[in-house]
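# Structural overview
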Amino acid sequence: MSITIVLAILTLSFALLGSCNMALAQSATAQVKDATASAENLIKTTENPGAVNLGESLIHPASPLYFLKALRERIEMFLDSSREARAMRQVEFAQRRLREVNSLVKAKRQELIPPTLEAYKLHIRNSEDFSKQDEELKVRVGEAIARHLEVLQRVYDMVGNPTAKAAIRASIERATEQ
């Protein structure tokens, strides 16, 4: 009975959370290409041409289904086998945290921005750790993080909560260290 419930929750999480790059037949190389394409194909805004806009997250930390997102990410990391795939997956997770911050701003839940950005900084740190031994991978991770800076700056300008502003400033500083 409990196995059925766990399987139902996992199935529901994959259905609710959109595309999942976890096909068991997919090779590690294909997973890396998917993560790289995701990081490189960022949407451009119409209000400010040339500005990077990561979009918003349907499920953010204020959502009752957020635990499913965390579970999904743990499974994705478990299935990634190479350091390169893990590094790019961490960049993808960092990008997801930025989408969640955008959603929290629009949902007027700015008090949840600091813990979300702590998770962002953790993903950045993990991506740096996974890419330490590969110079080319380190450059790709650095380029993705550089794109995050503009998004963080724009969010900083939209936020009124002083604690959230301080967390965004700390995230910008952390990203510029890379």
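For the structure, see preceding data.
About the thresholds
Residues numbered from 1 in each chain as written. Predicted model: local features only at pLDDT ≥ 70, side-chain atom pairs only at ≥ 80, totals over all residues. Heavy atoms only, no water. Helix = DSSP H or I, 4+ residues; strand = E, 2+ residues; numbered from the N terminus. Core = buried A, V, L, I, M, F, W, Y, C linked by side-chain atoms within 4.5 Å. Buried < 20%, exposed > 50% of the residue type's maximum accessible area, 1.4 Å probe, protein only. Contact = heavy atoms within 4.5 Å. Expected span 1.5 Å × (residues − 1). Polar contact = N/O pair within 3.5 Å; in protein donor to acceptor, adjacent residues only side chain to side chain. Phe/Tyr/Trp six-rings, centres within 6.5 Å; stacked < 30°, edge-to-face > 60°. Lys NZ or Arg CZ within 6 Å of the ring centre and 35° of its normal. Axes fitted to C-alpha atoms, helices over the stretch in contact; angles between N-to-C directions. Parallel < 35°, antiparallel > 145°, perpendicular 65-115°, else oblique. Nonpolar A, V, L, I, M, F, W, Y, C, P; charged D, E, K, R; others polar. Salt bridge = Lys/Arg side-chain N within 4 Å of Asp/Glu carboxyl O.

### Regarding unusual backbone geometry
You will see that Lys108, though not glycine, has its phi angle at about 60 degrees, which is positive. Checked against the element boundaries, Lys108 lands in the loop between helix H4 (83–106) and helix H5 (113–131).

### Focus: the nonpolar core
Core analysis: the biggest nonpolar cluster contains 27 residues, and Ile113, Leu117, Tyr120 and Ile168 have the highest contact counts within it. At the level of elements, H4, H5, helix H6 (135–158) and helix H7 (162–177) are the ones that each hand at least two residues to this core. Apart from the residues lying within four places of it in its own chain, the contact partners of Tyr120 are Ala94, Arg97, Leu98, Ile145, His148, Leu152, Ser171 and Ala175.

### Details of H6
The end-to-end C-alpha separation of H6 is 36 Å, in line with the 34 Å expected for 24 residues at 1.5 Å each. The complete set of buried residues in H6 reads Leu137, Arg140, Val141, Gly142, Ala144, Ile145, His148, Val151, Leu152, Val155 and Tyr156. Between the side-chain oxygen at the start of H6 and the backbone nitrogen of Glu136 there is a gap of 3.1 Å, and the oxygen is on Asp134.

### Let's talk about the packing of aromatic side chains
Taken as a whole and judged by the stated rule, the model has zero aromatic pairs. Directly above the ring of Tyr156 sits Lys165, whose terminal nitrogen or CZ lies 4.0 Å from the centroid.

### Overview of the packing of H5 against H7
The description of two packed helices rests on the angle between their axes and on the distance between the axes. Interhelical geometry of H5 versus H7 gives an angle of 10 degrees and a closest axis separation of 9 Å. One finds that H5 runs roughly parallel with respect to H7. Across the interface between the two elements, Ile113, Pro114, Leu117, Tyr120, Lys121, Arg125 and Glu128 of H5 pack against Thr163, Ala164, Ala167, Ile168, Ala170, Ser171, Arg174 and Ala175 of H7. Its residues placed into classes, the contact of H5 with H7 shows nine nonpolar, two polar and four charged.

### Thoughts on the pattern of salt bridges
The final tally for this structure, using the stated rule, is 16 salt bridges. As a salt-bridge pair, Glu73 and Arg97 come within 2.7 Å of each other at their nearest N and O atoms. Taken together, the residues span a long stretch of sequence, with Glu73 in helix H3 (residues 66–79) and Arg97 in helix H4 at a distance of 24 residues. Each member of the pair, Glu73 as well as Arg97, carries the same accessibility label: buried. Linking Glu135 and Lys138 is a salt bridge whose minimum nitrogen-to-oxygen distance equals 4.0 Å. Linking Glu135 with Lys138, this pair stays in helix H6, spanning three residues, or about one helical turn. Residue class for Glu135 comes out exposed when judged on its relative accessible area of 53%.

By themselves these figures say nothing about function.
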